[in-house]
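The primary structure of each chain is shown beneath.
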Amino acid sequence: MRAEGECFIDKSENTDIINLKDGEVMSNDKLAEQSMDFAVQIINLVKQLKEQRESIISNQIGRSGTSIGANIRESKYAHGTADFISKMQIALKEANETGYWLELLYKTNYISAEQYNFLEAKCKSLRAMLVSSINTAKANQK
């Protein structure tokens, strides 16, 4: 029996369900959907940056910001729990890198405070969901 608020993954119906603290439930599909939406926003940012003739950071953030969702999607067909955790950890690292590029773009006046705050909040949300998923998978691996 699980303690109240304990996280777990239910793979019984081919969709991962992650039970978070306080009974909140999130499916891995929600994480995939949010990471896809974020990738679209990053691609639009890259287009904006290229119009400003910025190419160094735009290439970096384009790679890291779209890699998050790609690794989350790969995790759906992981070869086991260790592979799942590995893919999710890579996605987390990419999300952390994306946060760095966003901050650098803001501090160099390529994006406004409003745009930075919006994108950083989305990125932070993805990082929190990834950490939760990784911790849950690690706990279930024991």
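Quick summary incoming for the structure in this document. Model, not experiment: these values are computed from the prediction. (Residues numbered from 1 in each chain as written. Predicted model: local features only at pLDDT ≥ 70, side-chain atom pairs only at ≥ 80, totals over all residues. Heavy atoms only, no water.)

Some remarks on the packing of aromatic side chains
So, point 1. Applying the stated rule across the entire model yields two aromatic pairs.
So, point 2. With a centroid separation of 5.0 Å and an interplanar angle of 70 degrees, the aromatic rings of Tyr 100 and Trp 101 are classed as edge-to-face.
So, point 3. When its relative accessible area of 14% is taken as the criterion, Trp 101 is described as buried.
So, point 4. Look at Tyr 106 and Tyr 116: their rings are 5.0 Å apart centre to centre, the planes differ by 15 degrees, and that puts the pair in the stacked class. (Phe/Tyr/Trp six-rings, centres within 6.5 Å; stacked < 30°, edge-to-face > 60°. Buried < 20%, exposed > 50% of the residue type's maximum accessible area, 1.4 Å probe, protein only.)

Examining the pattern of salt bridges
So, point 1. Here the structure, examined in full by the defined rule, presents four salt bridges.
So, point 2. Between Glu 74 and Lys 87 there is a salt bridge; the shortest N-O distance is 3.2 Å. Taken together, the residues span a long stretch of sequence, with Glu 74 in helix 2 (residues 56-75) and Lys 87 in helix 3 (residues 81-107) at a distance of 13 residues.
So, point 3. Judged by its relative accessible area of 19%, Lys 87 is buried.
So, point 4. In this structure, the salt-bridge partner of Lys 107 is Glu 103, at a minimum N-O distance of 3.0 Å. One end of the pair, Lys 107, and the other, Glu 103, are both in helix 3, four residues apart, so they sit about a helical turn from each other.
So, point 5. Judged by its relative accessible area of 32%, Glu 103 is partly exposed. (Salt bridge = Lys/Arg side-chain N within 4 Å of Asp/Glu carboxyl O. Helix = DSSP H or I, 4+ residues; strand = E, 2+ residues; numbered from the N terminus.)

Geometric values such as these leave the question of function open.
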